[in-house]
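# Coordinate analysis (summary)
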Amino acid sequence: DYQLIDTEEKLSKIIKTLSTVKEICVDTETTSLNVLEAQLVGVGLCVKNGEAYYIPAKLFLASAELKNILSASQVKIIGHNLKYDRQILTTCHLRLATNFDTMIASYLLNAGSRQHSLDTLAFNELGYQMQPIEELIGKGKTAITMDTVEVEKVSWYAAEDADMAFRLYELFV
């Protein structure tokens, strides 16, 4: 159940859910992998296996209540390669609470492997084939940036990322 949260009304409902949980998986979508150049496009959030949300950047950044939830000390923030997400959100004046990074957990559990990407772990650990990013933005010189992709497609992709990272977290802890 992946949902696009693109109105204040939908956001209010999700905030009620988020305010009752102790663990939230976060996945940012940006215009670049280079933190210095990247602009936030939106944020995927997951609090339960199989249920995730995508909030476009404009709505996400306008919500002080949502920022307060994500920065609350009693909330554990989960993610895959969370260092990148933390850096992006820091540039948006949001400091995430405590965290658990599934990429680091994968490395610690299987240091001999060179395959710690979310796509690879979802397939190897969960038997799930994720949507390749190339289906959205292409690759090479003809690649486009995530902010030019239809919001519905970005929504599914980001929610899937957050959901798979959350499922890996449940597996690793």
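Refer to the structure presented above.
Below you will find a few notes about this structure. (Residues numbered from 1 in each chain as written. Predicted model: local features only at pLDDT ≥ 70, side-chain atom pairs only at ≥ 80, totals over all residues. Heavy atoms only, no water.)

Further remarks concern the pairing of strand β4 (residues 51-56). Every regular strand shows the same layout, with side chains that alternate between the two sheet faces. Judged by how many residues are buried, β4 sits mostly within the fold: six of six residues are covered. Here β4 shows no split at all, with E51, Y53 and I55 on one side and A52, Y54 and P56 on the other all buried. Bridging between strand β1 (residues 2-4) and β4 involves three bridges; their strand directions are parallel. In the strand pairing of β4, L4 is matched with Y54. One ladder, built from six bridges, connects strand β3 (residues 40-48) with β4; its direction is antiparallel. Paired with G44 across the bridge in β4 is Y54. (Buried < 20%, exposed > 50% of the residue type's maximum accessible area, 1.4 Å probe, protein only. Helix = DSSP H or I, 4+ residues; strand = E, 2+ residues; numbered from the N terminus. Pairing = 2+ DSSP bridges.)

It is worth spelling out the sheet that holds β1 at this point. Pairing is mixed in the open sheet, where six strands are placed in the order β1-β4-β3-β2-β5-β6. Two strands in the sheet have a free side with no partner beyond their single neighbour: β1 and β6 (99-101). Each neighbouring strand pair of the sheet contributes to a mean axis angle of 25 degrees, computed without reference to strand direction. Relative to β6, strand β5 (residues 76-79) is paired through three bridges, and the arrangement is parallel. Paired with G79 across the strands is D101, a residue of β6. Across the sheet, helix α4 (residues 82-91) is in contact with β2 (23-30), β3, β5 and β6; its angle to β2 comes to roughly 70 degrees. Most of the contacts of helix α5 (residues 102-109) go to β6, to which it runs at about 55 degrees, and overall it touches β5 and β6. (Axes fitted to C-alpha atoms, helices over the stretch in contact; angles between N-to-C directions. Contact = heavy atoms within 4.5 Å.)

What follows deals with the environment of K153. Relative to the assigned elements, K153 resides in helix α8 (residues 151-172). Residue K153 is classed as partly exposed on the basis of its relative accessible area of 44%. Along the sequence, K153 and E8 sit 145 residues apart, while their C-alpha atoms lie 20 Å from each other.

For the rest of this paragraph, the subject is unusual backbone geometry. Unusually for a residue other than glycine, N81 sits at a positive phi of about 60 degrees. Counting through the fold element by element, N81 comes out in the loop between β5 and α4.

Bringing the layout of surface pockets into the picture now. By volume, the largest pocket amounts to about 720 Å³. Looking at the largest pocket, it is lined by 28 residues, and the ones nearest its centre are E29, L33, I133, Y157 and D161. For the lining of the largest pocket, the secondary structure elements donating two or more residues are β2, α4, α6 (118-126) and α8. Take the lining of the largest pocket: its biggest share by element is six residues, from β2. Its residues assigned to classes, the lining of the largest pocket shows 14 nonpolar, nine polar and five charged. (1 Å grid on protein atoms, 1.4 Å probe; cavity = no way out; pocket = protein on both sides within 12 Å on 5 of 7 lines; lining within 4 Å. Points joined across faces, edges and corners; volume = space filled by probe spheres on them. Nonpolar A, V, L, I, M, F, W, Y, C, P; charged D, E, K, R; others polar.)

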